[in-house]
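So you can see what is in the structure, the chains are spelled out below.
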Amino acid sequence: MANYWDNYWRERKSRRRFLGGAIATGAGASAFALVGCGDDDDDGGGGSLATPTAGANATPTPSDPLAGAKQGGTYRTYATGDPPTLDPYGNISFLTKTYVAAPHYSRLYMYKAGPGIESGSVRPTPDAAQSAEATPDGLKWTVKLRPNVKFHDIAPVSGRLMTTEDVKVSWERASSPTSTNKPQQSMPVEKVEFPDATTMVFTMSKPSATFLDVLADSNVFYILPKEAFSGGVDPAKIAIGSGPWVWKTYEPSVKFVRTRHPAWHLGKPDGAPFFETVEVAIIPEYANRLAQFLAGNLDVSDINSDDLPGLIKQISGARLNPTVGSTLSFTYFDSDPASPWNKDPRVRQAISMSYDRDSLMELGYNVKKLRDAGIKLETRWHNIIPVGETAWWIDPVGPKMGDAAKYFKYNPAEAKKLLEAAGFANDGFSTVYQYTANRYGKLFNDIAEAQINYLNQIGIKTTTDVQDYSSKYITQTYIGNFKGIAFGYQTPFSEAGGYLQRMFTDNPQNHSKILDPEMIKLANDAAVELNEEKRKEIFAQAQIKNAEKMHYIPNVAGAGTGWGASQANINNYVEFNTKSYGGAAEVTPFLWKS
C-alpha cells in the first residue's frame, strides 16, 4: 500500500511541476487585451482540444491529451438528486446547473481545462463567443459570436445557427426580476447592445476585473434559443441548447440520458465529444454509488476518504483524483435585528470559538488513519474565501490575520466569556439549528451534526431542523428566509470575487442579509481592481474584517482533500479538472473509454 501511494504522489508532483510552467507563460497578459480569437478555419471552428491524434498506438501526453482518443460508448456517471426545476433561470440549485444547464447550453465563455491546469487555476476561454475586446479604459467590451454555433437538432429549433437575438432574449431573462442569476450583480453593466447578428457591446459603469470570468461562470449566464421565450420550447420540461450534449430523456429519481452533439462548435466530426451517450444515474445515497462503482456499473464515483484503502485493493488500476476544496461551508444567521447574534457580534465570535476545527477535520476526512496509510492530505481551514482559491485565500490562523485569528481557534472557555459579556451569562439562549441532510453527503452531515454539541457546550440550546433540500433548504433557508442558525455549503464560484458579492452586497442570495458598508466597499473594490497585488490585499482585508465580526463563520467541510475515482479505462479523468458546475462542457467532452 505504501509503495502505491509513493508512486501516486510522484505522478501528482510531476503534474504540478508542469502546471508551474503553464502559469508562468500567461503572467504578463494585459487586462484589456484581445482575448480568445477563434482559429483560422473557414467555419470559425473550435479550440485546440477538439480533434484526436490519429493512430491506434497513440498515447495521451500533456501536449496532446487526446492522442488515441476514439468516439463511441457510454459514460456512466451519477447525480445525487433531482433538480428542483430544469429551467436554469428558475432556481439556484447546483443540480440544475450541473446536470441540465452546463451539458446542454452554451455560455459566451467557459473555462479551459486540461493537463497541467489545476482546477483552481482554470482561466476563461471562448465558448459561443469567438472573441472579446475591451477599450483601453475598460468601459466597453465588444464580444463577437462564433459563426458556427448550432443549436441541437430538436424541433422547433431544429439545428439552426445561434445569433445575437438568442443572446439578447437570454440576457433579458437572466436580468429579469424573477431570475435567480442576474449577471449585473456580478459586474457593473450599464447596458448591452446588439448591433448585428454576431456582435454584442457591453457598456460598463466602471472597469471590471472579472468581466470574462462572469461570462464563463457556470452559475450565471446560459444562452437559450429564442424559442424558449416565445412559447415554442418550455425550458422547465426540456433543455434545447448548443452545448456538447443533446437532451434525450429524463426519468425523475432514475436517470438523465444525453447524446453527443455532432455539430458542437468546439468539436469536429471526428473529435469531441467522444462518448456517444452519457447516462446520469440519480443515486442520492453514497453507499449505493460506491456499490455501483465497485460492481462496475458506474464509470466514476465520489469516494469517502475512509474507503480509499479498500478501493485500491478491490479495483485494480482505479484512477484517483484528489481535489482541495473550493466548496465553502459556513454557519450563517437570520437577519432579525432582535436575534442575539445581531444585537452583539460577540455572540457570533463565541460560536466560532466553540468549534473545534481540528476535530471536525478529523471527523470529516479521517486524517490520522489515512496519513498512517501513507496518504497525503490537506488540512487547511476555510476562510471566508475557501482554501481552494489559492491565489486569494489567507490562512485563518496565520500571521496575516493578526488578532482576528483568535476567533478561529477552539477556545470554549473564552467563548462562554464572550456570551456572558454579550448579556447571556446564565442560561444562554435557545434557537433553531438547521441544515439539509439529503443532498451534500455523509461528510457534510457528520460535521453539521457535530456542531450541535459544540453549540450546546457553551450554553446555546438548540432545536434541530433537518430540512429537505429541494422543498425547503435551497428554496427558503439558503436565500435567507429562516429563523435561527443555519449551516450549509456556499456556491463554488468560478471567480473568488463572487463570494464577496454574494455574501455582502444587495444580492437576493445574501444569506444573512449582511450589508456592512465596509464589506460592501471591499466587495466592490475587488470587482474593479485590475492590479493583482492590490486585489490580493483587498481579499485579505475582506477575510480579516469578516473574521473580526464573524458575519459568516467559515468551517472545514469542503476544505480537506476530497476524492473521486474512475474505472481504469476512462481516459483524461485525472488530467482534466475544472471548478464550479461546468464540468459537463469543460471536462466530459474530452473523456473517452479505452
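Reading guide: rules and limits
- Residues numbered from 1 in each chain as written.
- Predicted model: local features only at pLDDT ≥ 70, side-chain atom pairs only at ≥ 80, totals over all residues.
- Heavy atoms only, no water.
- Helix = DSSP H or I, 4+ residues; strand = E, 2+ residues; numbered from the N terminus.
- Buried < 20%, exposed > 50% of the residue type's maximum accessible area, 1.4 Å probe, protein only.
- Contact = heavy atoms within 4.5 Å.
- Areas by Shrake-Rupley, 256 points an atom, 1.4 Å probe, with all protein chains shown as cover.
- Salt bridge = Lys/Arg side-chain N within 4 Å of Asp/Glu carboxyl O.
- Polar contact = N/O pair within 3.5 Å; in protein donor to acceptor, adjacent residues only side chain to side chain.
- Pairing = 2+ DSSP bridges.
- Axes fitted to C-alpha atoms, helices over the stretch in contact; angles between N-to-C directions.
- Core = buried A, V, L, I, M, F, W, Y, C linked by side-chain atoms within 4.5 Å.
- Phe/Tyr/Trp six-rings, centres within 6.5 Å; stacked < 30°, edge-to-face > 60°.
- Lys NZ or Arg CZ within 6 Å of the ring centre and 35° of its normal.
- Arc of directions from axis to C-beta.
- pLDDT = per-residue confidence, 0-100.
- Lys, Arg positive; Asp, Glu negative; His and termini not counted.
- Parallel < 35°, antiparallel > 145°, perpendicular 65-115°, else oblique.
- Left-handed = near helix turned anticlockwise from the far one by under 90°.
- Nonpolar A, V, L, I, M, F, W, Y, C, P; charged D, E, K, R; others polar.

1. Quick look at the overall build of the protein
Along the backbone of the protein there are 17 helices and 20 strands. Within the protein, the proportion of its 594 residues that are buried is 57%. Across the protein, every contact between residues at least 6 apart in sequence was considered, and the portion connecting residues at least 24 apart equals 71%. When the accessible surface of the protein is summed, it comes to about 22,700 Å², and 50% of that surface belongs to carbon and sulfur atoms.

2. Description of the pattern of salt bridges
Scanning all chains against the criterion turns up 28 salt bridges. With its nearest N and O atoms 2.8 Å apart, the salt bridge here joins Arg535 to Glu495. With a gap of 40 residues between them, Arg535 in helix 16 (residues 532-549) and Glu495 in the loop between strand 16 (485-489) and helix 14 (497-504) connect regions that are remote in the sequence. Here Arg535 matches Glu495 in class, with each residue buried. The residue Asp516 makes a salt bridge to Lys549 at a minimum N-O spacing of 2.9 Å. You can see Asp516 sitting in the loop between helix 14 and helix 15 (517-528) and its partner Lys549 sitting in helix 16, a full 33 residues away along the chain. Taking the relative accessible area as the measure of exposure, Asp516 reaches 11% and is therefore buried. Salt bridges sharing common partners tie together Arg76, Asp299 and Lys593.

3. With respect to the side chain of Gln349
Position of Gln349 relative to the elements: it lies in helix 8 (residues 345-354). A relative accessible area of 7% means that Gln349 is categorised as buried. From its side chain, Gln349 meets the backbone oxygen of Glu548 in a polar contact 2.7 Å long. What Gln349 contacts, discounting residues up to four positions off in sequence, is Tyr407, Leu418, Glu548, Lys549 and Met550.

4. Some points on the sheet that holds strand 16
Judged by pairing direction, the sheet is mixed, and its five strands sit side by side in the order 15-14-16-13-17 without closing on themselves. Of all the strands in the sheet, just strand 15 (460-467) and strand 17 (553-554) have a single pairing partner and so form its edges. Here eight bridges tie strand 14 (residues 429-436) to strand 15, and the two strands are oriented parallel to one another. Bridge pairing links Gln434 to Asp465 in strand 15. In the packing of helix 13 (residues 469-477) onto the sheet, contacts are made with strand 13 (329-333), strand 14, strand 15 and strand 16, and the angle to strand 15 comes to roughly 125°.

5. Here we look at the sheet that holds strand 12 (residues 319-324)
Strand order across the open sheet formed by three strands is 11-18-12, with antiparallel pairing between neighbours. Because the sheet does not close on itself, it has two edges, and the strands there are strand 11 (300-303) and strand 12. On average, each strand axis in the sheet is tilted by 25° relative to the strand beside it, whichever way the strands run. Contacting strand 11 and strand 18 (561-566), helix 5 (residues 286-294) runs over the sheet at an angle of about 135° to strand 11.

6. Some thoughts on the nonpolar core
Formed by 175 residues in total, the largest nonpolar core has its most connected members in Leu108, Phe202, Phe211, Phe221 and Ile351. No other element matches the seven residues that helix 12 (residues 442-457) contributes to this core. Not counting chain neighbours up to four residues away, the residues in contact with Phe211 comprise Trp141, Val143, Met187, Phe202 and Met204.

7. Some thoughts on the packing of aromatic side chains
This model, assessed by the stated rule, comprises 34 aromatic pairs. Here Trp247 and Tyr250 contribute two aromatic rings whose centre-to-centre distance is 6.4 Å and whose plane-to-plane angle is 75°, an arrangement assigned as edge-to-face. For Trp247, a relative accessible area of 11% corresponds to the buried category. On the basis of relative accessible area, Tyr250 is assigned to the partly exposed category, the value being 21%. Clustering of aromatic rings is evident, with ring pairs tying together Phe94, Tyr440, Phe444, Tyr469, Tyr473, Tyr478, Phe487 and Tyr489. Its end group placed over the ring of Trp393, Arg380 keeps NZ or CZ at 5.2 Å from the ring centre. Here Arg535 stacks its cationic end above the ring of Trp392, 5.1 Å away from the centre of that ring.

8. A look at unusual backbone geometry
Residue Pro156 follows Ala155 across a cis peptide bond; omega there is 5°. Considering the arrangement of structural elements, one finds Pro156 in the loop between strand 5 (140-145) and helix 3 (164-174). Note that the residue after Ala272, namely Pro273, is joined by a cis bond; omega there is -5°. Examined against the element boundaries, Pro273 turns out to sit in the loop between strand 9 (255-260) and strand 10 (277-282). With phi around 65°, Ser580 is a residue other than glycine that occupies positive phi space. Summarising the element assignment, Ser580 is placed in the loop between strand 19 (570-571) and helix 17 (583-586).

9. What to know about helix 13
When helix 13 is considered as a whole, its buried residues turn out to be Tyr469, Tyr473, Ile474 and Thr477. Viewed end-on, helix 13 has its buried residues packed into an arc of 115°, placing them on one side of the element. As for helix 13, its buried residues are in contact with helix 2 (94-104), strand 13, strand 14, strand 15 and strand 16.

10. As for the confidence of the model for the protein
Summing up the model confidence of the protein, the mean pLDDT is 88 and the portion of residues at 70 or higher is 88%. Taken as a whole, residues 53-57 scores under 50 in pLDDT and shows six contacts with residues more than four places along the chain or in a different chain.

11. Overview of the side chain of Asp217
Locating Asp217 in the fold gives a position in the loop between helix 4 (211-216) and strand 8 (245-251). An unpaired buried charge is present at Asp217: no salt bridge exists, and Arg107, the closest side chain of opposite charge, is 6.6 Å distant. The contacts of Asp217, once residues within four sequence positions are left out, are Arg107, Tyr111, Phe493, Ser494 and Ser580.

12. Regarding helix 3
For helix 3, every residue scored as buried is listed here: Thr164, Asp166, Val167, Ser170, Trp171, Arg173 and Ala174. Its buried side turned inward, helix 3 meets strand 5, strand 6 (189-196) and strand 7 (199-204).

13. Section: the pairing of strand 18
For strand 18, the buried fraction is high: five of the six residues fall into the buried class. For strand 11 and strand 18, the ladder comprises four bridges, and the chain directions are antiparallel. For Asp302, the partnering residue across the bridge sits in strand 18 and is Gly564.

14. Some details on the packing of helix 15 against helix 16
Two numbers describe how helix 15 lies on helix 16: the axes approach to 9 Å, and their chain directions differ by 160°. When the axis of helix 15 is compared with that of helix 16, the two are roughly antiparallel. The way helix 15 lies across helix 16 gives a crossing that is left-handed. Side by side, helix 15 and helix 16 meet where Glu518, Met519, Leu522, Asp525 and Ala526 of the first sit next to Arg535, Ile538, Phe539, Gln541, Ala542, Lys545, Asn546 and Lys549 of the second. When grouped by side-chain class, the residues that make up the contact of helix 15 with helix 16 number six nonpolar, two polar and five charged.

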